[in-house]
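# Topology and contacts: notes
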Amino acid sequence: MNVLVTGGAGYIGSHAVRRLLIDGHHVVVLDNLYRGHRAAIAALAPLATGGRLPLLKLDLRDSDAIAAALKEHRIECVMNFAALTYVNESVTQPLEYYENNTAGVISLLQAMHAAGVRRLVHSSTCATYGEPTEQFIPIPETCPQVPINPYGWSKLFVERVLMDYASAQPDFAFAALRYFNVAGSASDGCIGEDHTPETHLIPVLLNTALGKRDSATIFGDDYDTPDGTCIRDYIHVEDLVDAHVTVMQHLNPGDQRFYNLGSGQGLSVRQIIDAVKQVTGIDFKVNKGDRRPGDPPKLFANPAKIKAELGWEAKVKDAKTMVEHAWAWFKQHPDGYEK
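Now for a quick tour of the structure. Predicted model, so just to flag it, every value in this text is computed and none were measured.

### What about the environment of Tyr-86?
Following the sequence through the fold, Tyr-86 ends up in the loop between strand 4 (77-80) and helix 4 (87-92). Sequence-wise, Tyr-86 and Tyr-97 are eleven residues apart; in three dimensions their C-alpha atoms are separated by 9.3 Å. When sequence neighbours within four positions are dropped, the list of residues in contact with Tyr-86 reads Arg-35, Tyr-97, His-195, Thr-196, Pro-197 and Thr-199.

### A word on helix 6 (residues 150-168)
Taking 1.5 Å as the rise per residue, helix 6 with 19 residues should run 27 Å; its terminal C-alpha atoms sit 27 Å apart, in good agreement. The set of residues buried in helix 6 consists of Pro-150, Tyr-151, Gly-152, Ser-154, Lys-155, Leu-156, Val-158, Glu-159, Leu-162, Tyr-165 and Ala-166.

### Comments concerning unusual backbone geometry
Cis geometry marks the peptide bond from Ile-137 to Pro-138, where omega comes out at 0°. Relative to the elements of secondary structure, Pro-138 occurs in the loop between strand 5 (119-125) and helix 6. Cis geometry is adopted by the peptide bond preceding Pro-197, which originates at Thr-196 and carries an omega value of 0°. Within the fold, Pro-197 resides in the loop between strand 7 (181-183) and helix 7 (201-209). Even without being glycine, Arg-74 reaches a positive phi, approximately 50°. As for its placement among the helices and strands, Arg-74 is situated in the loop between helix 3 (63-72) and strand 4. Take Arg-74: its relative accessible area is 67%, and that puts it in the exposed class.

### Points about the sheet that holds strand 9 (residues 231-232)
Pairing is mixed in the open sheet, where three strands are placed in the order 12-9-14. Both edges of this open sheet fall to strand 12 (267-268) and strand 14 (298-299), since each of them pairs with a single strand only. Bridge count between strand 9 and strand 12: two bridges; the pairing is antiparallel. Note that in strand 12 the partner of Arg-232 across the bridge is Leu-267.

### Thoughts on the layout of surface pockets
Here the second largest pocket defines a volume of roughly 250 Å³. A per-class count over the lining of the second largest pocket returns four nonpolar, seven polar and seven charged.

### So, the pairing of strand 11 (residues 256-261)
Most of strand 11 sits out of view: five of its six residues are buried. In terms of strand pairing, strand 6 (residues 173-179) meets strand 11 through six bridges, oriented parallel. The residue of strand 11 that forms the bridge with Ala-175 is Arg-257.

### Considering the pairing of strand 4
Here strand 4 shows two buried faces, one formed by Cys-77 and Met-79 and the other by Val-78 and Asn-80. Where strand 1 (residues 2-6) meets strand 4, four bridges bridge the pair, whose relative direction is parallel. From the neighbouring strand, Leu-4 faces strand 4, where its bridge partner is Val-78. With three bridges connecting them, strand 4 and strand 5 associate as parallel partners. Within the sheet, the bridge partner assigned to Val-78 lies in strand 5 and is Leu-120.

Rules used throughout
Residues numbered from 1 in each chain as written. Predicted model: local features only at pLDDT ≥ 70, side-chain atom pairs only at ≥ 80, totals over all residues. Heavy atoms only, no water. Helix = DSSP H or I, 4+ residues; strand = E, 2+ residues; numbered from the N terminus. Contact = heavy atoms within 4.5 Å. Expected span 1.5 Å × (residues − 1). Buried < 20%, exposed > 50% of the residue type's maximum accessible area, 1.4 Å probe, protein only. Pairing = 2+ DSSP bridges. 1 Å grid on protein atoms, 1.4 Å probe; cavity = no way out; pocket = protein on both sides within 12 Å on 5 of 7 lines; lining within 4 Å. Points joined across faces, edges and corners; volume = space filled by probe spheres on them. Nonpolar A, V, L, I, M, F, W, Y, C, P; charged D, E, K, R; others polar.

Below, the structure is given as structure tokens:
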């Protein structure tokens, strides 16, 4: 299949490109390289036919240029990972998030409409759920969606746009996949996670183990959880992209699908810290800090729907394996893709 991967030079997008290439699909990458990495695409090029992996430096809002690219490459499906994703940044720069995440997808849909592309697998987020009450833990797709920040709202608005567009275009099919905490790196070490700034827990801990940070901080250790620290759902990035491929293969005209993507179990901050120390063999410094406003004690997915409908479930559910794969990448690339 001919697949356009938007945001394909980013963390999750590049792993999706890798998987699609391994499966024999023809892939075209679209990324404005604001936070994506050209080096990630270069690392994946040998997997492509003839060693050629097209990288289009375009923004989602370049609708006409994207429509032309869709036609030129005879694209049959779009996987959309292009988005701004920092919650705190979305609070201070809300217009940028609505323009990029919401208006950007509208522009993408206009391009797809013009080019006759009728299949979209879209990256959504568990942030659309906001702070679910205890009765909705683990979180099902039926949990009320009440975001608490512009990032979550920018993604929820897209889900509404997709439903309205699909209702007006019966041959259009889409899936909106609501992620939980994505972790790990490619199991063969060819690509990995490189964010600036880095806010994800496992990379922060690994950078601390590498000596790139003086210490890490636990934000609250007095929650009503077994060890007092927050519990979250971590999903290995390769499991995540496996779900994308599975969904893509099952999309039929008229489909409107919504799925949670998570392991279905929670891991505490303390459990992640212990796994990182075990894998690296480094007993780095960890400080105890105050709770952060809006941090619920427990957030993890109920992924039963996608298992029941498509037979998919996460294969990696232990912290150690996720950390091992991430550590392999960080040891070889302590400065990320820059060196």
